[in-house]
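A closer look at the structure
If you want the building blocks of each chain, they are given just below.
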Amino acid sequence: MSAATSVAAGEDFASRLLTWFDSHGRHGLPWQSPRTAYRVWLSEVMLQQTQVATVIPYFERFIARFPDFKALAAADIDEVLALWAGLGYYARARNLHAAAKQVASLHCGDLPDDLEAAQALPGVGRSTAAAILAQAYGSRHAILDGNVKRVLARHAAIPGWPGEPKVAARLWLVSERFLPQTRLADYTQAIMDLGATLCTARAPACTRCPVAADCAARLADRTEDFPSSKPAKARPLRRATLLLVENEQGAVLIERRPPTGIWGGLWSLPVAGEGESVDWLLRERFGISVEPLETLPAFRHAFTHFELELTPLLCALIDAPPTALHERPEQRWLTMHRDALPGLPAPVLSFLTRRYPTARPPIEPCPEPSTASSSASKPKASRVRQSPATSASASTSKSRNKPGPNGSRTRPG
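Residues numbered from 1 in each chain as written. Predicted model: local features only at pLDDT ≥ 70, side-chain atom pairs only at ≥ 80, totals over all residues. Heavy atoms only, no water.

Summed over all chains, the structure comprises 10 aromatic pairs. Between W31 and F59, the ring centres sit 5.2 Å apart and the planes meet at 75 degrees, which makes this aromatic pair edge-to-face. One end of the pair, W31, is in the loop between α1 (3–24) and α2 (37–46); the other, F59, is in helix α3 (residues 52–65), with 28 residues separating them in the sequence. When sorted by exposure, W31 lands in the same class as F59, which is buried. Seen from their ring centres, W263 and F303 are 6.0 Å apart, and the 45 degrees between their planes marks the pair as tilted. With W263 in the loop between β2 (252–256) and β3 (267–268) and F303 in the loop between β6 (298–302) and β7 (307–319), this residue pair connects regions lying 40 residues apart in the sequence. With respect to class, W263 is no different from F303; both count as buried. Every member of this aromatic cluster is reached through a ring pair, and the members are Y38, W41 and F69. Sitting above the plane of the F306 ring, R238 keeps its charged end 4.0 Å from the centroid. Over the aromatic face of W267 sits the side chain of R332, whose NZ or CZ is 5.7 Å from the ring centroid. (Phe/Tyr/Trp six-rings, centres within 6.5 Å; stacked < 30°, edge-to-face > 60°. Helix = DSSP H or I, 4+ residues; strand = E, 2+ residues; numbered from the N terminus. Buried < 20%, exposed > 50% of the residue type's maximum accessible area, 1.4 Å probe, protein only. Lys NZ or Arg CZ within 6 Å of the ring centre and 35° of its normal.)

If you want it as structure tokens, here you go:
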């Protein structure tokens, strides 16, 4: 194909797509009016690995509380995580906060309009930066999120899994070739909408697709073959003990998770990894001693790369020095019927509110999100389900085992 032919084909693709978008695209999304750089940036980060319908209530709450970069930069990370709780992929919330601080300090509170500078923000990769600048400033940048990969892989019949560098490189070339000279914001939204609404992973609506006439996969009747799936791997099951420690006043012990790893930066009940001594963990990390009372029914939570089975162990505080927890800001006692709950992981929040019906969540709960993405491929949704409870005696016996060499915790998802 000559360069001139390639340009003409790209312009024709964009023209058909924009005509379709004007009548059938999504025009009422809350970040589209007003379509400011801050609102676009916030929505694009939230939409990573998450569906539009799930994001909307979270987006609206964030905008109401943090209307611009400076407000978000000045916020306490606990409040940011509390508003994010339940949306999943918590590194995004920490990156949002860090990026807002960077924009406020280095760019006078305005999102940079340079692609390289936008990519330098925490949590913003090449495609996300391009999508933000195209929609916020009308900049001419190609994107390649999960939906766009699927559209282009089918249209050009590009074989292979898009996660492979050689396949991704070919898709980037096609994405750049199809860019129009004008209406970049609309075009960017249009190609994402096409993948989200018509060119879906299963049962694509080819008869309604504006670019179906020259779609190589459709013409070969092979839409199901493009793009290739990621090579499957068995998702391992990990087990851990969720420690429900109550003091004499009925308050519950919680701690802030490390900034990286599973539920990074959120508050949670303490978690003892499989084979880790409960007694040792509580003495070493909290300076307290407890009496195990009851093993509660276990439940599971699915992450992208593994499944975690949590077995709650109810414990009574029997010994705590006067200084225990007093000078440790990452640990605290939470009075369930009085204190508003901080940002907690969805399965921990669900467990606590079932056990303590009078507990006050920090915000009205949003629906448990699917991890299917409006801007990425669709992994299985996170879920919580009950597992048969282990016996109290077995759990107590296990808690007497020696800890791992580093007091290991469950690994990040």
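Turning to the packing of α2 against helix α8 (residues 126–137), a few remarks are in order. It is at 9 Å that the axes of α2 and α8 come closest, and there the two elements cross at 150 degrees. Classified by the interaxial angle, the pair formed by α2 and α8 is roughly antiparallel. At the point where α2 passes α8, the crossing takes the right-handed sense. Of the residues in α8, those in contact with A37, V40, W41 and E44 of α2 are T128, A131, I132, Q135, A136 and Y137. Its residues assigned to classes, the contact of α2 with α8 shows 7 nonpolar, 2 polar and 1 charged. (Axes fitted to C-alpha atoms, helices over the stretch in contact; angles between N-to-C directions. Parallel < 35°, antiparallel > 145°, perpendicular 65-115°, else oblique. Left-handed = near helix turned anticlockwise from the far one by under 90°. Contact = heavy atoms within 4.5 Å. Nonpolar A, V, L, I, M, F, W, Y, C, P; charged D, E, K, R; others polar.)

Moving on to the pattern of salt bridges. Overall, the coordinates contain 15 salt bridges when judged by the stated rule. R126 is paired through a salt bridge with E176; the nearest N and O atoms lie 3.0 Å apart. Of this pair, R126 sits in helix α8 while E176 sits in helix α10 (residues 165–177), placing them 50 residues apart in sequence. Looking at R126, the relative accessible area reads 38%, which means it is partly exposed. Of the residues examined, E176 reaches a relative accessible area of 34% and is grouped as partly exposed. Through salt bridges that share partners, D22, R35, R183 and D186 make up one connected network. (Salt bridge = Lys/Arg side-chain N within 4 Å of Asp/Glu carboxyl O.)

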